[in-house]
Amino acid sequence: MYRGPAVTLEQVLDNREVRAVRQREWVVTHSLPIVSFTINMPGSVKLNQISKIGFEVGQREIQLICIQAGCSIVSQAFINDCGCESITAVEGISPERLKRMMIELEDKHPLGRLFDIDVFNSQGLALSRDQLGFPRRHCFICGRDAKICARNRVHPLPALIDKLSEMIDEYH
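We now turn to the structure provided with this report. What you are looking at is a predicted structure, and each value in this text was computed from that prediction instead of being measured.

## Comments concerning the side chain of Glu-61
Alright, step 1. Along the chain, Glu-61 turns up in helix α2 (residues 49-68).
Alright, step 2. Here Glu-61 occupies a buried position and makes no salt bridge, while the nearest side chain of opposite charge, Arg-60, is found at 5.0 Å.
Alright, step 3. When sequence neighbours within four positions are dropped, the list of residues in contact with Glu-61 reads Leu-105 and His-109.

## What about unusual backbone geometry?
Negative phi is the rule for most residues except glycine; trans is the rule for most peptide bonds.
Alright, step 1. Despite not being glycine, Ser-31 has its phi angle at roughly 50 degrees, a positive value.
Alright, step 2. Take Ser-31: it is sitting in the loop between α1 (9-30) and β1 (34-39).
Alright, step 3. For Arg-153, which is not glycine, the phi dihedral falls at a positive 50 degrees.
Alright, step 4. Among the structural elements, Arg-153 can be located in the loop between α4 (146-152) and α5 (157-171).
Alright, step 5. The class for Arg-153 is exposed, based on a relative accessible area of 73%.

## Considering the environment of Leu-127
Alright, step 1. With respect to the secondary-structure elements, Leu-127 resides in strand β5 (residues 126-127).
Alright, step 2. The sequence separation of Leu-127 and Glu-96 amounts to 31 residues, and the corresponding C-alpha distance is 7.3 Å.

## Observations regarding α2
Alright, step 1. Taking 1.5 Å as the rise per residue, α2 with 20 residues should run 28 Å; its terminal C-alpha atoms sit 28 Å apart, in good agreement.
Alright, step 2. Listed in full, the buried residues belonging to α2 are Ile-50, Ser-51, Ile-53, Gly-54, Phe-55, Val-57, Gly-58, Gln-59, Glu-61, Ile-62, Ile-65 and Cys-66.
Alright, step 3. You can read the cap of α2 off the contacts: a side-chain oxygen lies 2.9 Å from the backbone nitrogen of Ile-50, and it is on Asn-48.
Alright, step 4. Once α2 ends, the next one or two residues include Gly-70, with phi positive near 85 degrees.

Cut-offs used in this document
- Residues numbered from 1 in each chain as written.
- Predicted model: local features only at pLDDT ≥ 70, side-chain atom pairs only at ≥ 80, totals over all residues.
- Heavy atoms only, no water.
- Helix = DSSP H or I, 4+ residues; strand = E, 2+ residues; numbered from the N terminus.
- Buried < 20%, exposed > 50% of the residue type's maximum accessible area, 1.4 Å probe, protein only.
- Lys, Arg positive; Asp, Glu negative; His and termini not counted.
- Salt bridge = Lys/Arg side-chain N within 4 Å of Asp/Glu carboxyl O.
- Contact = heavy atoms within 4.5 Å.
- Expected span 1.5 Å × (residues − 1).
- Polar contact = N/O pair within 3.5 Å; in protein donor to acceptor, adjacent residues only side chain to side chain.

Here it is, written out as structure tokens:
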């Protein structure tokens, strides 16, 4: 499930900058709240079966949640060796309500721990979990603060990949 093209840190950082430019362009073009969706994928192989399945499921869920909330959406997906991502302009909802719905998706969906969903207001400012009173995300291996585990590389890559593969297998 984890086979695919390996990417360098430089490629990942370049891709992150391209995404940031795209997000700013969408804010200016649409003047609406923007949802930016990527997959949390450790290691150097960002485009693989885990990320593709997670992305397909997550993208479908984001669109469904927005439509069920009575929103109009415009969405575009981008897939390259650095992984899968989408950007969605959402009309008919406040950025705060949209962020709360996306946090609920991240927290409650069986694959939600794979999802990295950012929401920007119509001025291009990102809304955070902290701003809305939500706790930080938990590590899917040990339950501690996910950012600390990731930053300190607490868990070996094979254990992370095994857990992600297990999540996908259980979902299907």
